Each structure stands twice: as C-alpha cells, then as structure tokens.
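A look at the structure
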Amino acid sequence: MRYRTQAVAYPYWVVALLLYGLQMVFGLLAIVKYLGPDPIRAVLPFDVSKAIHTNLLIVWVLTGFMGAAYWLVPEESRTELYSPRLAYWQLGLFTAAGVTAVVGYLFRWTAGNKLLEQPYPVKLAIVVVMLMFLYNVGMTIWRARRLTTTEGVLVAGLAGAAVLYLPALLEFDNYTVSIFYRWWTVHLWVEGVWEMIQGGLLAYLLIRLSGADREVMEKWLYVIVGLTFISGILGTAHHYFWIGVPAYWLPIGGIFSALEPLAFLAMAVYAYAATRRSGLAHPNRMAVHWTIGSVIYSAFGAGILGLAHTWPSVNRWTHGTMITAMHGHMAFFGAYVMIVLAVVTYAAPILFGRPHEEHETAIGLWAFWLQIAGMFGMTMAFATAGISQTYLERIIGLGYLETQQKIQVHFLMLLATGILFAAGVALYIYDFFFLVPRGHREPTPWPAAEPVEA
Amino acid sequence: MTKRQTRAFFYAGTGVFGAIFIALTIDSHRQFPTLTHSDRITPAVIAGKHVWHRQNCVNCHTLLGEGAYFAPDLTKITQQRGAAYLKAFLKDPSKFYSEERDRRLMPTLALSDREIDELIAFLDWVGRIDTQGWPPRPILVTGAAIPGTEAVGAPPRAAASSDPVALGEALFRRTPPGCSACHSTAPGVNVVGPSLANAATVAAQRVESPDYHGKATDAAGYLRESILDPNAYVVQGPTFSSGGRSLMPSDFAQTLEPRQVDELVAYLMTLR
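Residues numbered from 1 in each chain as written. Chains lettered and ligands numbered in written order. Predicted model: local features only at pLDDT ≥ 70, side-chain atom pairs only at ≥ 80, totals over all residues. Heavy atoms only, no water.

**Things to note about the overall build of chain B**
For the record, the criterion: The secondary structure listing takes helices from DSSP runs of H or I that are at least 4 residues long and strands from runs of E that are at least 2 residues long, numbered from the N terminus. Throughout this description, buried means an accessible area under 20% of the type-specific maximum (1.4 Å probe, protein chains only), exposed means over 50%, and partly exposed covers the range between. Residue contacts are counted whenever heavy atoms from the two residues lie within 4.5 Å of one another. We get accessible surface area from the Shrake-Rupley algorithm with a probe of 1.4 Å; when it comes to residues, only the shown protein chains can shield them. Neither His nor the chain ends contribute to the count of charged residues, in which Lys and Arg are positive and Asp and Glu negative. Charge coordinates come from a single atom per side chain, which is NZ of Lys, CZ of Arg, CG of Asp or CD of Glu.
When its secondary structure is counted, chain B shows twelve helices and four strands. Oriented by its inertia axes, the alpha-carbon framework of chain B measures out at about 90 × 50 × 40 Å. Sorting the 272 residues of chain B into buried and exposed places 54% on the buried side. Taking all contacts inside chain B whose residues are at least 6 apart in sequence as the whole, residues at least 24 apart take part in 55%. For chain B, the accessible surface area stands at approximately 12,300 Å², while carbon and sulfur atoms represent 57% of it. With 27 positive and 26 negative side-chain charges, chain B shows a spacing of 9 Å between the two charge centroids.

Quick look at the structure:
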C-alpha cells in the first residue's frame, strides 16, 4: 500500500462482501419459491425476496465501486485521501440506508418500482452519500492537482451514477412516462456510467497486472467509453419497446442495442492486447483470473446474450419472459460483480502486507471456478426456461400457469447451479475474512517485486 | 490514433448521441398524451397506480412486459377478465387458484373495496395504451391448449375465410374481447368460465329447462343473450359467479358490434 488512507477501502469491501453473501440467501429463496408450493408465502412472499435480492446487489456493487475508488484515487493522484473520516461516515450512512431499505421491504415498506424500490427517505439518504463521496474524491484530486485518465473515467462514472439517480426521485402520474424515466436511471447506469466504472477499473487492473503501457491503455480506454455511450445512450430505446412510446424507438433500439456489444468486445480485445503485449506474469494470479473472467463473462453475458433478444421482431415474443433473467444475471455478474471481486482480490494482499503469491489458495480457486460454473449453469437454466416459455406461452398460446408447470425441470437446474454458485460466493467470503487476516501484519512498504509504475 | 483523437471521439460521440436522445425525448413527450390516452388518467387511475406500487405488484407480475416473471403479465387483464371477476379475485385469490395444483398462489392482499376499484381502473387504463401491437397474441393467465383444444397453431387475429363461423372463431381467440382467456373449448376444462366444448347442445337443453327464465327461445338466442346479458341466466360454479352475479364482463353489448355478436354466435353454434 503506497498511501495509508487507501486502507479506507477495506471496510467498504467488508460490507460489500457481507451483503453479497446475504444476496445469495434471497436468491436461493426465490428459486425455491419458483419450485413451490411455498410454506413461508405469508411471511416472505416472492416479491419481497426478489426486491431484496436485487437491491442487495445494487447496494453491495456500489459499495464495492466506492471502495475501489477510495483504493485507486490516492494511488493515481499520488496523495493521501482528503478525509478518511468522511469516508467512514459515508460508509456508515450508506450501510444504514441499505439495511433500512432491506428491513423495510420485509415489513412491506416499499416504493414498488422495479429496482428502485427504495422508499423516498432512503433515496434521499443515497443522494447524500453520493455527494459525500464525490466531495471527498473531488477534494483529493483537486488538492493533488493530478488526475489520470484511468481515475478520471472511474470517478466520472460514479459522478454520472449520482446524477442519473436523480430521475429516480421524480414521480409521474402517467405510468408510461414514469417507466420512461425509470430507465434513465436503470439503463444509463448499467449500460452507460457503470460501464465507465468497469472500464476505469479494468484499465487500472491491466496496467497493474500486465505492466502494460499506461499511455496506450488510457488512449484506448477513451475508445471503449466512447463506444459505450454511442451505443448505450440511444440503446436505452430497447427498453422503450411496447410501453406506449412513439414507434421510432423500435428501429433505434434495434440498431443501437445491436451495437452495444461492441464496447464489451472492445474491452475483451483490450485485455487480450494488453496481455499479449506485456504478458500475465503478475504473481497475484487470482486477480488475473477475476480480471480476465470479467472481460469474458461481460462480453458473453452483457454483450452477446443482450443482443440475443434485443431485435424488435425477436423481443416482440420474448419481452417479459425468463429470457430477460438469463441476460440480466450473467451481465451483472460478468461486468460488475467480477470487476469488483477482481479489484478486491488484487488489493487484498497489498492491504494485508502479504506477498502476492500467497494469495492463490485452493479455496480462492474453488471460489472462482464454482462461481464461474454456477453462473454459467444458471444462465443456461434461465435460457432453456425462457426459450420454452416463449414458445409455449407466447407462440403456442398456452396459459401462463400451465407453461410454468411445464418448465419446472429448468427451475430444478436453476436450483442446482444456484447452490454451486452460492457455495463459490461463500468460499470467496471465507477466503477474504478468515485466511487473509490470519497472516495480518503491519502494512509493509510497497513490495519490491511489484511494478510500482508501469 | 493519438490519445487526443480518442478523447475527441469519446466527447463528440457522447455529445452527439446524447443530444439526439434528448431531442427524441422531447418529441416523445409531445406524443405521450395521444399514445397513452392521458386524458383518461382520472384520479382513480392515479390512486390505482399508487396501490400498484404500494403492494409491490411489479416484483411478481409484469405490466407492459416489465417486472418480475413469477406471475402473469397484466397488461390486458381487464379486457380478458373484466372488472367483476377481478374484484372477486382480488378479495381472495385462493378461491380461484390452488397452490397445490399451480405450485404458486397470489397472497391475499388486504385491499379495501375502494383500493380494488382504483387498481382495476389503473389496469384498465394501462390496457388501452398503444403498445405497437404487443403482445402479438394474447398472453393468457391459464387455460387453453391442454389436449383437445384447437388454440394450438390457430391464427391469433386473421380469420381463415370470410365465413361467419371462421370470423367468429378468430374473434373468440382475440383480445379484446378475450373470450378464450376464460372459456376453453376443450371438454371439461373450466378455466374461469364454463367450458364451451358443447355450447350449442347445452344451450338447446337450457332454453327448455324449467329453471330458465330468460327471453331466449332457441339455442342461438340463448348464446346471444349470454354474451350480451350474462346475468340473464347464471351458471353455477366456483369461479363463475359471486353473490349470484356472473363474473363475465357485462359490457359486450357496448363494445361488440352486432355483426361481431352474430359471428360469435355462429361459431359457438358449431360446438355441439
């Protein structure tokens, strides 16, 4: 660790990983409810477990992003963080807001708006958290008078996420208008500014792990985020199919969301080129696993599987089926979960003052491969369920309930692969909490083997 | 390419496409009132939207195809089921579905009569939004297509010929009016309303039966009366009626043209 205040990232990642574990509990519960009958339907119906499952994801990934920013910004700007105390308060407030929301859902306190279920006071608290974060990071960079492209893209992504959260505070009497703006938050997050964050973190990791030339990496980073926005902004239109908006959104959505995989493919080429040029000899091989994994899974999950059902004449039949869940799970995991875990895995040995080599444990490898295999299986289960559902319910005209009975077998596969995945998550958390701190020593100066500045 | 050029690519690309997006958003606002019939957004519809959000409906159901995939899409539900049925259903879903049979069951929500009316008003408004022809064929909650039904492969909209029977059958499968959402034509399959497998035969027997007090004198007349005035004779069944009133929508006299009623009767008379 080059700067003492980078350690602020640690409690962020502790909270993030704990919530990641909790997310698994509610995900598995949701699968069991799909199999039914549901003995705890009166206490915890499906809608509550689903809302908690998705909200925990958003909260913990954002926590992970912010922790990663606190890790990365001092290093990039070559200074201590402006105010570690403010960062701790910010984490406290964000955790309190997240926990309040989750507990509130259990007691049916909800705004009932998909992915933006947070009740209004919680939404306001989130805005305050964002402002605290941006102030702290902004002051750090301003005082250092040094802003690299890598951190600039990362911080701009987080600032964009804060700005784009604002439409979520608006309310409209017209349901079509309210979902129109709901996508400004949800879509322009995950297919816009969050991709910037992913790109920034990826550039940082590739520079550190492969020792690739910073100038070259940052040059192409602009191309990646440029492609993201060129395709992603108008790509919002693929959420404007069939909801009561003008018909011109149909071809726009078709064409621009067909271009969206380009940004993800560009990231894959980016990583490939970096490793070709500079090799992957970094001793923290687990971090290399997660970084390369993230690039591959986001290209497949977010890019290809998104493309699979985004063309209007296809989406006409698949809209609102399990096909969407197929794309959503792998996209979020590949693009955002894996990039956070990559940064955490990269930073952990440095944080604990251990040599990078010791970080590759058998448990760490199992954690990686179980999540990879589990998510692949879950994606296939959602895909087969969704294809069957589309065919039986939408094309043949079978009733919804009869269709769900006929695709039960896919939910069994979902449960089996979901358990594998959750086991991988549990091992990752165990590895992070119990194995690493056992060798906890006072942070040593930057290890000699580490390329300090590529 | 230099870093300066790639940076320009990023700024210019984002700026240009962002500006197009904003322009289209402004134009969409111009068109929202027509496309969504915003003049029909009454206070009841707005209140119903709040009920929809308060009850977290979207985390099981989809509406306009958006939401969760644990429960059926509700975009056209008021046209398929009608207000009377939905009212009875929302009071106690377990009367209509069984968790043992369907593996899942909607929880009974503690909704007041007024909230139920508002929710139905909201869903009814949503059902009239211009969705560019989506869904391409009706998404049914239940029914159809257990062996013996001819819904499989039947064209959703167009009739095979100009024959009244063919036109009637096509109309039967279409939403609105959504007859097939509640009535199967397979023997013994009671979806929500009674099976119409042998509707013509049953109708002929019913007009002769002593407990029939309606105005019809023959089978075709009985079928016509059942469509236009479902309460003229109420068939008994667990999901057919509530409080002695039929759960079938009673506004087909207004929403269907006389020619369409003729076609439906012509089709139903072929089910013997």
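**Observations regarding the overall build of chain A**
This is how it is decided: Note on method: radius of gyration uses C-alpha positions; expected globular size equals 2.2 Å times residues raised to 0.38.
Each helix and strand counted, chain A has 15 helices and zero strands in total. Compactness check: chain A gives a C-alpha radius of gyration of 21 Å against a globular reference of 22 Å for 454 residues, within 12% of the reference. Viewed in the frame of its principal axes, chain A has a C-alpha envelope of about 65 × 45 × 45 Å. Burial statistics for chain A: of 454 residues in total, 67% are counted as buried. For chain A, the proportion of contacts with a sequence separation of at least 24, taken over those separated by at least 6, is 84%. Total accessible area on chain A stands at roughly 15,200 Å², and carbon and sulfur atoms take up 73% of it.

**So, the domain arrangement of chain B**
So the rule is basically this: Source of the domain bounds: an automatic or database domain assignment.
Here chain B is partitioned into domain 1 (1-35), domain 2 (36-134) and domain 3 (164-268). Here the C-alpha centroids of domain 1 of chain B and domain 3 of chain B sit 53 Å apart.

**Focus: the interface of chain B and chain A**
Using the following cut-off: Buried area: the sum, over both parts, of the accessible surface (1.4 Å probe) that disappears when the two are put together. By definition here, a salt bridge exists when the distance from a side-chain nitrogen of Lys or Arg to a carboxyl oxygen of Asp or Glu is within 4 Å.
With 77 residues of chain B in contact, the opposing surface of chain A contributes 86 residues. By the criterion of area lost to chain A, the three top residues of chain B are Phe21, Tyr69 and Gln132 of chain B, representing 11% of everything that side buries. Joining chain B to chain A, the criterion identifies four salt bridges. Between Arg182 of chain A and Glu66 of chain B there is a salt bridge, with the nearest N and O atoms lying 3.5 Å from each other.

**Considerations on the nonpolar core**
Keep this limit in mind: As used here, the term nonpolar core means buried Ala, Val, Leu, Ile, Met, Phe, Trp, Tyr and Cys residues forming a set that is joined through side-chain atoms within 4.5 Å.
Formed by 207 residues in total, the largest nonpolar core has its most connected members in Trp13, Phe65, Trp189 and Trp194 of chain A. Not counting residues up to four positions away in its chain, the partners in contact with Trp194 of chain A are Ile58, Val61, Leu62, Phe65, Ala161, Trp189, Phe332 and Tyr336 of chain A. Among the nonpolar cores identified, the runner-up in size contains 22 residues, and Leu171, Ala203, Ile227 and Leu256 of chain B belong to it.

**Thoughts on the environment of Ala325 of chain A**
With respect to the secondary-structure elements, Ala325 of chain A resides in helix 12 (residues 322-351). Distance from Ala325 of chain A to His238 of chain A, taken between C-alpha atoms, is 15 Å for residues 87 residues apart in sequence. Non-local contacts of Ala325 of chain A, meaning those with residues more than four positions away in its chain, are made with Phe382 of chain A together with Tyr69 of chain B.

**Focus: the pattern of salt bridges**
Residue and element names in this part refer to chain A. Overall, the coordinates contain 19 salt bridges over all chains when judged by the stated rule. In this structure, Arg214 engages Glu76 in a salt bridge whose closest nitrogen and oxygen atoms are separated by 2.8 Å. Pair noted here: Arg214 is in helix 7 (residues 214-235) and Glu76 is in helix 2 (residues 46-77), with a separation of 138 residues, a long-range link. You can call Arg214 buried: its relative accessible area is 12%.

**Looking at helix 8 (residues 249-259) of chain A**
If you check which residues of helix 8 of chain A are buried, you get Trp249, Leu250, Ile252, Gly253, Gly254, Phe256 and Ser257 of chain A. Its buried side turned inward, helix 8 of chain A meets helix 6 (175-210), helix 7, helix 9 (261-278), helix 10 (285-308) and helix 11 (312-318) of chain A together with helix 1 (3-35) of chain B.

**Thoughts on the state of the cysteines**
Residue and element names in this part refer to chain B. Which entries qualify depends on this criterion: Any pair of cysteine sulfurs within 2.5 Å is marked as a disulfide.
Taken as a whole and judged by the stated rule, the model has zero disulfides over all chains. Free cysteine Cys60: the closest other cysteine sulfur is in Cys57, separated by 8.7 Å. Classification of Cys60 as buried rests on a relative accessible area of 13%.

**Things to note about the packing of aromatic side chains**
In plain terms, the rule: The pairing test for Phe, Tyr and Trp rings, Trp by its six-membered ring, is centres within 6.5 Å, and the orientation test on the planes gives stacked under 30 degrees, edge-to-face over 60, and tilted for anything in between.
Per the stated rule, a full pass over the model turns up 54 aromatic pairs over all chains. An angle of 90° between the planes, with centres 5.1 Å apart, marks the rings of Tyr34 of chain A and Phe70 of chain B as edge-to-face. With Tyr34 of chain A in helix 1 (residues 9-35) and Phe70 of chain B in the loop between strand 2 (66-67) and helix 3 (77-81), this residue pair bridges two chains. For Phe70 of chain B, a relative accessible area of 10% corresponds to the buried category.

**Topic: helix 2 (residues 43-54) of chain B**
We count it as follows: For a helix, the expected span equals 1.5 Å multiplied by the number of residues minus one.
Along its twelve residues, helix 2 of chain B runs 16 Å from first to last C-alpha, staying within 8% of the 16 Å computed at 1.5 Å per residue. For helix 2 of chain B, every residue scored as buried is listed here: Val45, Ala47, Gly48, Lys49, Val51, Trp52 and His53 of chain B. Packing partners of the buried residues in helix 2 of chain B comprise helix 6 of chain A together with strand 1 (62-63) and helix 6 (113-127) of chain B. Remark: Asn56 of chain B follows helix 2 of chain B within two positions and exhibits a positive phi of approximately 60°.

**Regarding the confidence of the model for chain A**
All names here are of chain A. Just so we agree on the cut-off: What pLDDT reports is the predictor's confidence in each residue, on a scale of 0 through 100.
Of all residues in chain A, 96% have pLDDT values of 70 or greater, and the mean over the chain is 92. The model gives residues 437-441 a pLDDT under 50, and that stretch makes eight contacts with residues more than four places away or in other chains. Within the model, the stretch residues 444-454 combines pLDDT values under 50 with 24 contacts to residues more than four positions away or in other chains.

**Comments concerning unusual backbone geometry**
Here the bond from Gly36 of chain A into Pro37 of chain A is cis, since omega is -15°, no more than 30 degrees from zero. Of note, the amide linkage connecting Trp134 of chain B to Pro135 of chain B takes the cis form, showing an omega dihedral of -5°. Tracing the backbone shows Pro135 of chain B in the loop between helix 6 and helix 7 (164-173). The phi dihedral of His37 of chain B is positive, around 50°, even though this residue is not glycine. Inspection of the secondary structure assignment puts His37 of chain B in the loop between helix 1 and helix 2.

**Focus: the confidence of the model for chain B**
Atomic detail in the predicted coordinates should be set aside for any region of low pLDDT. In this model, chain B carries an average pLDDT of 88, and 93% of its residues clear a pLDDT of 70 or more. With pLDDT under 50 throughout, residues 145-156 of chain B is counted as low confidence; its partners more than four residues away or in other chains account for 25 contacts.

**What to know about the packing of helix 6 of chain A against helix 10 of chain A**
Residue and element names in this part refer to chain A. Short version of the rule: Axis lines are fitted through C-alpha atoms, for helices just across the contact stretch, and the angle between N-to-C directions can take any value from 0 to 180 degrees. Here the word oblique covers every angle except those under 35 degrees (roughly parallel), over 145 (roughly antiparallel) and from 65 to 115 (roughly perpendicular). Handedness of a crossing follows from how the near helix is turned relative to the far one, being left-handed for an anticlockwise turn of less than a right angle and right-handed for a clockwise one. For this classification, the nonpolar set comprises Ala, Val, Leu, Ile, Met, Phe, Trp, Tyr, Cys and Pro, the charged set comprises Asp, Glu, Lys and Arg, and every other residue, Gly included, is treated as polar.
Where helix 6 meets helix 10, the closest approach of the two axes is 11 Å, and the angle between their N-to-C directions is 140°. Of the possible angle classes, the one that applies to helix 6 and helix 10 is oblique. Seen along the crossing, helix 6 lies across helix 10 with a hand that is left-handed. Two secondary-structure elements touch here, helix 6 through Gln198, Leu202, Leu205, Leu206 and Leu209 and helix 10 through Ala287, Val288, Thr291, Ser294, Val295 and Ser298. Among the residues making up the contact of helix 6 with helix 10, the classes are represented as seven nonpolar, four polar and no charged.

**Quick look at the environment of Leu116 of chain A**
All names here are of chain A. Assignment of secondary structure puts Leu116 in the loop between helix 3 (84-106) and helix 4 (120-144). Classification of Leu116 by relative accessible area gives buried; the value is 3%. Leu116 sits 52 residues away from Ala168 along the chain, and the two C-alpha atoms are 7.0 Å apart. Look past the residues within four positions of Leu116 in its chain and what remains in contact with it is Ala111, Lys123, Tyr165, Ala168, Arg182, Thr185 and Val186.

**Topic: a nonpolar patch on the surface**
All names here are of chain A. Stated formally: What makes a patch is a set of residues exposed beyond 30% relative accessible area and free of salt bridges, joined within 9 Å when like-charged and within 5 Å when nonpolar (Val, Leu, Ile, Met, Phe, Trp, Tyr).
Taken together, the side chains of Ile255, Leu259, Leu262, Leu265, Ile304, Trp311 and Val314 make up a nonpolar region of the molecular surface, amounting to roughly 570 Å² of accessible area. At the level of secondary structure, the elements contributing two or more residues to the nonpolar patch comprise helix 8 and helix 9. Positionally, Leu262 belongs in helix 9.

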